[in-house]
Amino acid sequence: MTTIYKARKILTMNPARPEASHVAVREGRILGVGALDELAGWGPYELDERFANQVLMPGLVEGHCHLMAGSLWRYVYCGWFDARDPAGRLWPGLKSLDAVVDALAAAAGAGGAPVVGWGFDPIYFGARRCTRADLDRVSATRPVGVMHASGHILNANSTLLDQAGFLRAGIDHPGIPLGADGLPEGELKGPEAMMPALGPVGLDRSFLSGDEAGIRDFARLCVRAGVTTATDLAATLGDAEVDTLLRVAGQADYPLRIVPFLRLIGMKPADAVERALALRARSSERIRLGRIKIVADGSIQGFSARLRWPGYYNGAPQGLWYTPPETMRELYTLALARGVLVHTHTNGDEATELALDCMESALAASPARDHRFTLQHCQLADTAQFRRMEALGMGVNLFANHHFYWGDQHYALTVGPERAERMNACRSALDTGLPMAIHSDAPITPIGPLFTAWCAVNRLTASGRVLGTAERITVAEALRAITIGAAASLKLDGEIGSLECGKRADFCVLEDDPGAVDPAALKDVRVWGTVQDGRVFPAG
């Protein structure tokens, strides 16, 4: 049976037919987009007018986020900004370290279970860092771990440090700062330092993948944001995790398509490529497997990203390398030869330069067309690096939300005014001809592509500073970046990202027209819900 949906307006992202009034759907796919009399030519139909007062656009595509955005809400939210959980409850931000400690202590209650917080970032508190002594105030006997908003640093109390094997003299690791007493201060930076401490607080699984409840909570967040396809770029893809993903997403009421990337960690590049190919064979319509993510460096606001000279504005030490260049080069070479898509996390511009050098070498060894290798975040890339990416056939997915959430800190502390004004340089990327998407990296910032689009269009910080007027893009360009641009980075633009004949019937249903509102109000456009593969899901 064909269903024809009538809407106030349909924004298609198809330049051949950019707007329409009706869309015809059959078997979860789009028969056509246009006027009712045109679509009636497909034969008998049912006219559905439930969206007659709404605006339809392609289902939004979140090209960089994580399933843990759903599962982390079972722990204590310790972020600076207000945030809304999967059930819709608004949690107020915590504006001091004492407030964070008090919230953790209140949640701890009686018993001996670990105490876990997330979303924390001491950069908002000035020079004061959180130490193991601060978290010992929560409990001196139970492990206490607090994940930074970036996901690249874990704060630990003395008990957790001891259980991880770190509460001893003689530790010599760049990711484990020491105090005056020669013992770890309490910050664990990067995966090597963090991983031994994740297990004792129960984050080894839920942090990276998620159980059924977490996978469902993630989908609730997505529907509320108008998202019909989302990535998981830190996926734990063992057989058990894949079985769970396929089972949950295969249920009739699951409203989301997930694209998990196998993270290269704890395995050799050749094994990762073989694993990705094996996973690809297990893909379903709603779980798209067979891609790899590699991480080059850490986070800029955590001072663990790799920056080129002159380094950090406040004189902080150089950041961390997460992956050796020979490993990155080998992965790229093997993946190109086997047709496996790789996305690479590079925050600092030195990390971006390394990725480009490795890609240049890999393409010489394994020439490939339309590979679409993409640099994720790529926050400090300059125009010269964008030109290299374009010449190498790469794409970029920029972290536009950083302007709002950390723009003031980047301006004053991390990279200084000049570099802060060209961070996440969307205008330069597009002008270079580079394929571009933009993202939230949820749960690092809340999932919401329309908010991300607002960030790229307005480039406002939390204090109201315009951070780089010259790098603003238009509303139309931003909407393309969160639909067809993100879809193309995943090699799914033949199925999703625009509304046209043959593609999946994935719609974002809006109460307002994002192309008609003031650009300053783009983040306030109301989401009614989604249609995914022809199935209707109101936002709860």
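Residues numbered from 1 in each chain as written. Predicted model: local features only at pLDDT ≥ 70, side-chain atom pairs only at ≥ 80, totals over all residues. Heavy atoms only, no water.

## Structural notes on the overall build of the protein
Okay, step 1: Scanning the protein for helices and strands turns up 19 helices and 23 strands.
Okay, step 2: Taking 2.2 N^0.38 as the reference for a compact globule, 540 residues should give roughly 24 Å; the C-alpha atoms of the protein span a radius of gyration of 23 Å, in line with that estimate.
Okay, step 3: Counting only C-alpha atoms and orienting by the principal axes, one finds that the protein spans roughly 80 × 55 × 45 Å.
Okay, step 4: Expressed as a percentage of its 540 residues, the buried residues of the protein come to 61%.
Okay, step 5: Within the protein, contacts between residues separated by at least 24 positions form 72% of all contacts whose residues are at least 6 apart in sequence.
Okay, step 6: Of the accessible surface of the protein, which amounts to about 19,300 Å², a share of 52% is contributed by carbon and sulfur atoms. (Helix = DSSP H or I, 4+ residues; strand = E, 2+ residues; numbered from the N terminus. Rg over C-alpha atoms; globule rule 2.2 N^0.38 Å. Buried < 20%, exposed > 50% of the residue type's maximum accessible area, 1.4 Å probe, protein only. Contact = heavy atoms within 4.5 Å. Areas by Shrake-Rupley, 256 points an atom, 1.4 Å probe, with all protein chains shown as cover.)

## Looking at the packing of helix α12 (residues 349–365) against helix α13 (residues 383–391)
Okay, step 1: Two elements in contact, α12 and α13, have axes separated by 11 Å at closest approach and are oriented at 25°. In terms of orientation, α12 lies roughly parallel with respect to α13. Classified by chirality, the crossing of α13 by α12 is left-handed. Across the interface between the two elements, D349, T352, E353, L356, D357 and E360 from α12 touch Q385, R388 and M389 from α13.
Okay, step 2: Partitioned by chemical class, the residues of the contact of α12 with α13 number two nonpolar, two polar and five charged. (Axes fitted to C-alpha atoms, helices over the stretch in contact; angles between N-to-C directions. Parallel < 35°, antiparallel > 145°, perpendicular 65-115°, else oblique. Left-handed = near helix turned anticlockwise from the far one by under 90°. Nonpolar A, V, L, I, M, F, W, Y, C, P; charged D, E, K, R; others polar.)

## Describing the packing of aromatic side chains
Okay, step 1: A full pass over the atoms with the stated rule returns 22 aromatic pairs.
Okay, step 2: Seen in terms of ring centroids, W73 and W118 are 4.9 Å apart; in terms of plane orientation they differ by 85°. Their pairing is edge-to-face. Taken together, the positions of W73 in the loop between α2 (68–71) and β7 (76–77) and W118 in strand β10 (residues 115–120) put the pair 45 residues apart, joining distant regions of the chain.
Okay, step 3: Using a relative accessible area of 4% as the deciding quantity, one classes W118 as buried.
Okay, step 4: Geometrically, the ring pair formed by W80 and Y124 is stacked, given 5.2 Å between the ring centres and 20° between the ring planes. A residue pair is termed long-range when its members are at least 10 positions apart, and W80 in the loop between β7 and β8 (83–84) and Y124 in the loop between β10 and α4 (132–136) qualify at 44 residues.
Okay, step 5: Three or more aromatic residues link up through ring pairs in this structure, and these residues are W80, F81, F120, Y124, F125, F404, Y405, W406, F451 and W454.
Okay, step 6: Across the ring face of F51, the terminal group of R50 is positioned such that the distance to the ring centre comes to 5.9 Å.
Okay, step 7: Positioned above the aromatic ring of W454, the side-chain terminus of K523 is 5.5 Å from the ring centre. (Phe/Tyr/Trp six-rings, centres within 6.5 Å; stacked < 30°, edge-to-face > 60°. Lys NZ or Arg CZ within 6 Å of the ring centre and 35° of its normal.)

## Quick notes on helix α8 (residues 212–225)
Okay, step 1: Across its 14 residues, α8 extends 20 Å between first and last C-alpha, which sits within 8% of the 20 Å expected from 1.5 Å per residue.
Okay, step 2: Along α8, the residues that are buried comprise G214, I215, F218, A219, L221, C222, V223 and A225.
Okay, step 3: The first or second residue beyond α8 is G226, which carries a positive phi of 85°. (Expected span 1.5 Å × (residues − 1).)

## With respect to the pairing of strand β21 (residues 507–510)
Okay, step 1: Burial along β21 is two-sided: F507 and V509 facing one way and C508 and L510 facing the other are all buried.
Okay, step 2: Relative to strand β22 (residues 527–532), β21 runs antiparallel, the two being bridged by four bridges. Counterpart to L510 in the pairing with β22 is V527. (Pairing = 2+ DSSP bridges.)

## Quick notes on the sheet that holds strand β11 (residues 144–148)
Okay, step 1: Strand order in the open sheet formed by five strands is β7-β10-β11-β12-β13, with mixed pairing between adjacent strands. Single-partner strands in this sheet number two, and they are β7 and β13 (187–189).
Okay, step 2: Sheet topology places β10 next to β11; four bridges connect them, and they run parallel. Paired with V115 across the two strands is V144, which belongs to β11.
Okay, step 3: Contacts from helix α3 (residues 97–108) reach β7, β10 and β11, with the element oriented near 145° to β10.
Okay, step 4: Running at roughly 125° to β13, helix α6 (residues 190–198) makes contact with β11, β12 (153–156) and β13 of the sheet.

## Points about the environment of A481
Okay, step 1: Among the structural elements, A481 can be located in helix α18 (residues 475–481).
Okay, step 2: Residue classification places A481 among the buried residues on the basis of a relative accessible area of 2%.
Okay, step 3: Taking the C-alpha atoms as reference, A481 lies 8.8 Å from H439; in sequence the two are 42 residues apart.
Okay, step 4: Once residues within four sequence positions are removed from consideration, A481 is found in contact with M436, A437, I438 and A486.

By themselves, these observations are geometric and do not establish any function.
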